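# Close look at the chain arrangement
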Amino acid sequence: QIVTLTYPHIGNYGVNAEDIEADKVHAAGLIIKDLPLLASNFRSTETLSQYLVREKTVAIANIDTRKLTRLLRDKGAQNGAILGLAAGETVTQARIDEALAAAKAAPSMKGLDLAQVVTTPATYTWDQTEWKLGDGYGTQAAPRFHVVAYDFGVK
């Protein structure tokens, strides 16, 4: 699954390891409108680009993501492919053909239950407090509420 984000400022805060909740990036790729050159947040430990490279996740920017979202809404899930180019490599017809062939060869998204692929294999307790400046995240000793969440794609 390639994820498309329509918010125009993805990545301008950078990435903070404290805020990463998954064991890995589960998406096959990322599509965003604009990729900032700088990450501007005192909590940032790396840029979005550095994070995606470390996670071996391909991404593409300078895409009209609102137009793409309208297309997906109107026509449903589409197969796609994002090919990475090496530094200095130019786009050629052969690379375009390679991307088209990869998209056409991908299995149909219709009817896929992708939550099965990314769900947690076992139950777990979430006892983390909200983040506080100087302390980071803490642990709740006596939570006020007992909440049960069923993972149907928990975000």
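What counts and how
Residues numbered from 1 in each chain as written. Predicted model: local features only at pLDDT ≥ 70, side-chain atom pairs only at ≥ 80, totals over all residues. Heavy atoms only, no water. Helix = DSSP H or I, 4+ residues; strand = E, 2+ residues; numbered from the N terminus. Patch = residues over 30% accessible without salt bridge, like charges linked within 9 Å, V, L, I, M, F, W, Y side chains within 5 Å. Areas by Shrake-Rupley, 256 points an atom, 1.4 Å probe, with all protein chains shown as cover. Salt bridge = Lys/Arg side-chain N within 4 Å of Asp/Glu carboxyl O. Buried < 20%, exposed > 50% of the residue type's maximum accessible area, 1.4 Å probe, protein only. 1 Å grid on protein atoms, 1.4 Å probe; cavity = no way out; pocket = protein on both sides within 12 Å on 5 of 7 lines; lining within 4 Å. Points joined across faces, edges and corners; volume = space filled by probe spheres on them. Nonpolar A, V, L, I, M, F, W, Y, C, P; charged D, E, K, R; others polar. Contact = heavy atoms within 4.5 Å. Pairing = 2+ DSSP bridges. Axes fitted to C-alpha atoms, helices over the stretch in contact; angles between N-to-C directions.

### A short note on the environment of K67
Structurally, K67 can be placed in helix α2 (residues 65-75). In sequence terms K67 and Q140 are 73 residues apart; their C-alpha atoms lie 43 Å from each other.

### What about a nonpolar patch on the surface?
On the surface, a nonpolar cluster with roughly 340 Å² of combined accessible area is contributed by L85, V91, I96 and L100. Mapped onto the secondary structure, V91 falls in the loop between α2 and α3 (93-105).

### What about the pattern of salt bridges?
Under the defined criterion, the tally for this structure stands at 7 salt bridges. Between E89 and R95 there is a salt bridge, with its nearest N and O atoms 3.1 Å apart. The salt bridge partner of R95 is E98, with a shortest N-O separation of 2.8 Å. Here R95 and its partner E98 are both found in helix α3, 3 residues apart, which amounts to about one turn of the helix. Residue classification places E98 among the partly exposed positions, given a relative accessible area of 37%.

### Thoughts on empty space enclosed by the protein
Per the counting criterion, the structure on display carries 1 cavity of 30 Å³ or more. Empty space within the largest cavity amounts to approximately 40 Å³. In terms of lining residues, the largest cavity is bounded by G11, L35, P36, L37, L38, A39, T47, L48 and S49. Of the residues assigned to the lining of the largest cavity, the class counts are 6 nonpolar, 3 polar and no charged.

### Thoughts on the environment of I31
As for its position among the elements, I31 is in strand β2 (residues 29-31). For I31, a relative accessible area of 13% corresponds to the buried category. Taking the C-alpha atoms as reference points, I31 and N62, separated by 31 residues in sequence, lie 8.6 Å from one another. Setting aside anything within four residues of it in sequence, one finds I31 in contact with I2, V3, T4, L5, I60, I63, T65, L68 and I82.

### Considerations on the sheet that holds strand β1 (residues 2-4)
Read from one edge to the other, the open sheet built from 3 strands follows the order β1-β2-β3, with strand pairing classed as parallel. With partners counted over all chains shown, the strands left at the sheet margins are β1 and β3 (58-60), one partner each. Strand-to-strand, the axes of this sheet are offset by a mean angle of 15 degrees, without reference to chain direction. Two elements, β1 and β2, share 3 bridges in a ladder whose sense is parallel. Residue pairing across strands places I2 opposite G29, the latter belonging to β2. Against the sheet, α2 engages β1 and β2, with an angle of about 115 degrees to β1.

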